[in-house]
Structures are given as structure tokens and as C-alpha cells.
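Observations on the model geometry
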Amino acid sequence: RREDYFTGSSSAAAGGVTLFADMPLSNEPYTLSEADVRDKFERAARGSVVDYAVWAGLVEDNVDRMAPMTRAGAYGFKMFTCDAGNGFPMPAPETMRR
């Protein structure tokens with residue numbers, strides 16, 4: 001069974017951690033849109049026993065979604081400069097610079 005918000009945050013709390021950040025490709029759906037950010041917050045609110053934050057993902061075709069994801073609560077954006085697997089492609093160098 002894969003870790004969820006309850007089990008992961010409970011383990012964190014047992015170790016003295018009071019806040020964690022959900023990574024954008026840790027659990028499907030990947031956090032690549034405003035709806036994904038809102039979904040992660042809703043699931044974390046139902047399951048977490050400690051504070052949490054949500055990181056969104058930056059891929060080539062979602063640059064126009066960054067502002068809505070920020071307004072939904074994403075506190076930062078993760079992108080890769082190498083292949084991270086299906087569903088989370090590396091943005092083009094021009095996109096990263098922009």
C-alpha cells in the first residue's frame with residue numbers, strides 16, 4: 001500500500017515534524033492544474049495530522065496555469081531538468097528561462 005496523507009503525516013508527527021510539502025508527482029494525479037492543487041488540499045485537509053503545503057508542477061504545456069495554481073494555494077513549482085517519467089516531462093530550455 002502506498003503512503004497517504006494520514007500515514008505519512010502520522011509518521012512525520014511521530015518524528016517531530018510539524019509541516020510537510022506534498023510533491024507534485026508523489027501521488028497521482030500529478031499536480032499540474034488548479035483543480036489538482038485544490039484536490040491535494042482537500043485530501044490533505046481530510047487526512048493530515050500536521051500542517052502541509054502543496055507544490056505544483058511545471059511542465060511544458062501548463063505555463064499558463066501557473067497563476068491559477070498559485071491563487072489556489074500552490075506555494076512553489078517543481079520542474080525537472082532531466083526525464084522524470086511519463087506525465088511529468090521536462091520543459092524546454094526556453095520555457096525554463098522564461
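A brief look at the structure comes next.

Criteria and thresholds
- Residues numbered from 1 in each chain as written.
- Predicted model: local features only at pLDDT ≥ 70, side-chain atom pairs only at ≥ 80, totals over all residues.
- Heavy atoms only, no water.
- Pairing = 2+ DSSP bridges.
- Helix = DSSP H or I, 4+ residues; strand = E, 2+ residues; numbered from the N terminus.
- Axes fitted to C-alpha atoms, helices over the stretch in contact; angles between N-to-C directions.
- Phe/Tyr/Trp six-rings, centres within 6.5 Å; stacked < 30°, edge-to-face > 60°.
- Buried < 20%, exposed > 50% of the residue type's maximum accessible area, 1.4 Å probe, protein only.
- Lys NZ or Arg CZ within 6 Å of the ring centre and 35° of its normal.
- Right-handed = clockwise from strand over helix to strand, strands pointing away.

1. Observations concerning the sheet that holds strand β2 (residues 51-57)
Overall, parallel pairing links the three strands, which are arranged β1-β2-β3 in an open sheet. Because the sheet does not close on itself, it has two edges, and the strands there are β1 (19-22) and β3 (76-78). Across the sheet, the axes of successive neighbouring strands diverge by a mean angle of 35°, strand direction being ignored. Bridge count for β1 against β2 is four bridges, and the pairing is parallel. Residue pairing in the sheet places F20 in a bridge with Y52 of β2.

2. Concerning the packing of aromatic side chains
Summed over all chains, the structure comprises six aromatic pairs. With centroids separated by 6.2 Å and ring planes inclined at 55°, the aromatic side chains of F41 and Y52 adopt a geometry described as tilted. Remark: Y52 occurs in strand β2 and F41 occurs in helix α2 (residues 34-47); sequence separation between them is 11 residues. On the basis of relative accessible area, F41 is assigned to the partly exposed category, the value being 22%. When the ring of F80 is compared with that of F88, the centres are 5.4 Å apart and the planes differ by 85°; the resulting orientation is edge-to-face. Of the two residues, F80 and F88, both sit in the buried class. An aromatic cluster of three or more residues is present, and its members are Y5, F20, F41 and Y52. One Lys or Arg, K78, reaches over the ring of F80 and ends 4.7 Å from the middle of that ring.

3. Concerning the pairing of β2
Where the polypeptide runs from β1 across α2 and back to β2, its parallel neighbour, the crossover connection is right-handed. Strand direction decides the pairing type here: β2 and β3, joined by three bridges, are parallel. From the neighbouring strand, W55 faces β3, where its bridge partner is G76. For the handedness criterion, the β-α-β arrangement of β2, helix α3 (residues 66-71) and β3 is classed as right-handed.

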